[in-house]
Amino acid sequence: MDFGDFSSLAESYGKYRQGYAESVLTALLSLLGTPPNRAEAIDVGAGTGLWTRMIASRGLARVTAVEPNDAMRAVGEDQTKSLQITWLKGSGELVPLNDACCDMVSMASSFHWVDFDKGTREFHRILRPGGRFVALWNPRLPATDPLLQDIQAFLKDLMPNMTRRSSGLSGISEQLTDMLESSDLFTDTVYLEGRHTIALTKQDYIGVWRSVNDVQVQLGAQKFAKFMRYIDEVIDNDRQVEQTYLTRAWSSQKI
Amino acid sequence: MTATNIDPKLLQILVCPVTKGPLEYDKEKQELISKQAGLVFSVRDGIPIMLPDEARKLDDV
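What counts and how
Residue numbers here run from 1 along each chain, matching the order of that chain's written sequence. Each chain takes a letter, starting from A, and each ligand takes a number, starting from 1, following the order in which they are written. Thresholds applied to this predicted model are a pLDDT of at least 70 for local features of residues and 80 or more for the giving and counting of side-chain atom pairs; totals over whole chains, interfaces and linings are not thresholded and use all residues. Hydrogen atoms and water are omitted, and side-chain values are computed over all heavy atoms in the structure. In this description, a line fitted to the C-alpha atoms serves as the axis of each element, helices being fitted only across the stretch in contact, and the angle between N-to-C directions of two axes falls anywhere from 0 to 180 degrees. Comment: elements are numbered from the N terminus, with helices defined as DSSP H or I runs of at least four residues and strands as E runs of at least two. The scheme is simple: roughly parallel for angles under 35 degrees, roughly antiparallel for over 145, roughly perpendicular for 65 to 115, oblique for anything else. Note: crossing handedness is left-handed where the near helix turns anticlockwise from the far helix by less than a right angle, and right-handed where it turns clockwise. What makes two residues a contact is simply this: any of their non-hydrogen atoms within 4.5 Å. Just so you know the grouping, Ala, Val, Leu, Ile, Met, Phe, Trp, Tyr, Cys and Pro go in nonpolar, Asp, Glu, Lys and Arg go in charged, and all remaining residues, Gly too, go in polar. DSSP calls a pair of strands paired once it identifies at least 2 bridges connecting them. Classification of residues uses two cut-offs on accessible area relative to the type maximum, computed with a 1.4 Å probe and protein chains only: under 20% is buried, over 50% is exposed, and between them is partly exposed. The term nonpolar core refers to a set of buried residues drawn from Ala, Val, Leu, Ile, Met, Phe, Trp, Tyr and Cys, joined through side-chain atoms within 4.5 Å. Here the term cavity refers to a set of points on a 1 Å grid, laid over the protein atoms alone, in which a 1.4 Å probe fits but cannot get out; the term pocket refers to an open set having protein on both sides within 12 Å along at least five of seven lines, with lining residues being those that place an atom within 4 Å of a point. Grid points are joined across faces, edges and corners, and a volume is the space filled by probe spheres set on the points. Throughout this description, the term salt bridge denotes a Lys or Arg side-chain nitrogen within 4 Å of a carboxyl oxygen of Asp or Glu. Per-residue confidence from the predictor is given as pLDDT, running between 0 and 100.

**Remarks on the packing of helix α8 (residues 202–210) of chain A against helix α9 (residues 213–234) of chain A**
Residues and elements named next belong to chain A.
Move 1: Axis separation between α8 and α9 bottoms out at 11 Å; the angle between their running directions is 165 degrees. Between α8 and α9, the angle falls in the class roughly antiparallel. You can see that α8 and α9 cross each other, and the crossing is right-handed. From α8, K202, Y205, I206, W209 and R210 reach across to α9, where they touch V215, Q216, F224, F227, M228, I231 and D232.
Move 2: For the contact of α8 with α9, the class distribution of residues is eight nonpolar, one polar and three charged.

In structure tokens:
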């Protein structure tokens, strides 16, 4: 598996990745100058449509999902059939959509895969005046969770020099407000976060780990198998795992 | 069998990813043609495949 290769992850991703905090979505929609039922949104790097379906469930006038990976998009299309979402294959760096065609562009757990300058130029272009670009992530919150701390300590022993690429607690999110504010394209950046807790079965919890691209890539097949065995051993079979997620979102207005 | 057409709402906002210019929709062949870029994008089950790498050149048959 390579960095950013989501083809082999699509099934785990579709099954096990959890949604974002609803209250954060409510707040993000309230920042738009348009009421939700008249707002049009483009979700870029939509993956399996976890965030896209949350937006669409709020009754927006139009929701479009853009995703380059066929396997991820196939899962997304399949899981969102009952909602008004139109899908297309495209990238965040060459968005095939008209200038000023939407009120919100979002990238959920995907902005770290796009070239910042090319991506922000495109999002600026497709937004209407006053429209907002939203980048968000949904990392698991380790501070409140002894099991997750234990597993991450094992991961660190297994590979001391591992760098997390996309956890949403590191990398691009450390300076995102500054990056957006200094880009000349966006202003009035708002940062929001909200916690939500989900009870997972052991199998679902293991599935969440199977859906993480950067851990699998860096460990390689053998160490990843060892890692998965460890998780299997430390959790009792009938145990429910309470997992707290931290939705972190940036909303920035088009200049 | 009839092909699935692109959602009309999507078609309204769809442009060439390279030139951002207009696209011509050939419903029979299920293709989107960007004359300016000289590229033809395919449409599979109503899903436009809008990556330049996966488009064919307009002259190729």
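Additional details are given in the paragraphs that follow.
**Section: the sheet that holds strand β1 (residues 40–44) of chain A**
Residue and element names in this part refer to chain A.
Move 1: Strand order in the open sheet made by the seven strands is β3-β2-β1-β4-β5-β7-β6, with mixed pairing throughout. Edge positions in the sheet fall to β3 (85–88) and β6 (186–200), since each of these pairs with one other strand and no more. Sheet twist, expressed as the average angle between the axes of neighbouring strands with direction ignored, equals 20 degrees.
Move 2: Looking at chain direction, β1 and strand β4 (residues 102–108) are connected through three bridges and run parallel. Within β4, the position partnered with A41 by the bridge is M104.
Move 3: Across the face of the sheet, α8 comes into contact with β6 and β7 (241–254) while running at roughly 145 degrees to β6.

**Considering unusual backbone geometry**
Note: most residues except glycine have negative phi, and most peptide bonds are trans.
Move 1: Notably, D188(A) is not glycine yet its phi reads approximately 55 degrees, a positive angle.
Move 2: Within the secondary structure layout, D188(A) lies in strand β6.
Move 3: Residue D188(A) is classed as partly exposed on the basis of its relative accessible area of 40%.
Move 4: In this model, D45(B) sits at a positive phi of 50 degrees, which is unusual for a non-glycine residue.
Move 5: Relative to the assigned elements, D45(B) resides in the loop between β3 (39–44) and β4 (47–48).
Move 6: Taking the relative accessible area as the measure of exposure, D45(B) reaches 68% and is therefore exposed.

**Looking at the nonpolar core**
Move 1: If you look at the biggest cluster of nonpolar residues, it comprises 38 residues, and the most contacted ones within it are L97(A), F111(A) and F133(A).
Move 2: Those elements that place two or more of their residues in this core are β1, β4, α5 (116–126), β5 (127–137) and α7 (176–181) of chain A together with α1 (8–13) and β3 of chain B.
Move 3: Looking at this core, the element that brings in the most residues is β5(A), giving four residues.
Move 4: Residues in contact with L97(A), not counting those within four places in the same chain, are I42(A), V66(A), L88(A), R125(A), I126(A), L10(B), I13(B), L14(B) and V15(B).
Move 5: Counting 27 residues, the second-largest nonpolar core is a separate cluster that includes V24(A), A56(A), I85(A) and A108(A).

**Re the layout of surface pockets**
Move 1: Here the second largest pocket is characterised by a volume of approximately 260 Å³.
Move 2: Together, 15 residues line the second largest pocket, and I85(A), T86(A), W87(A), D7(B) and I47(B) are the ones closest to its centre.
Move 3: Residue contributions to the lining of the second largest pocket peak at three residues, all from β3(A).
Move 4: Across the lining of the second largest pocket, the residue classes break down as five nonpolar, six polar and four charged.

**Digging into the pattern of salt bridges**
Move 1: Considering all chains together, one arrives at 17 salt bridges over all chains under this definition.
Move 2: For the salt bridge of D99(A) with R125(A), the shortest nitrogen-to-oxygen distance reads 2.7 Å. A residue pair is termed long-range when its members are at least 10 positions apart, and D99(A) in the loop between β3 and β4 and R125(A) in helix α5 qualify at 26 residues.
Move 3: On the basis of relative accessible area, D99(A) is assigned to the partly exposed category, the value being 45%.
Move 4: For the salt bridge of R128(A) with D103(A), the shortest nitrogen-to-oxygen distance reads 3.0 Å. With R128(A) in strand β5 and D103(A) in strand β4, this residue pair connects regions lying 25 residues apart in the sequence.
Move 5: For R128(A), a relative accessible area of 25% puts it in the partly exposed group.
Move 6: Where salt bridges share partners, they join D70(A), R73(A), E77(A), K89(A), R44(B) and E54(B) into one cluster.

**Brief notes about the confidence of the model for chain B**
The predicted coordinates should not be examined in detail at positions where pLDDT is low.
Move 1: Scored by pLDDT, chain B comes out at a mean of 93, with 93% of its residues at no less than 70.
Move 2: ipTM for the predicted complex: 0.94, alongside a pTM of 0.86.

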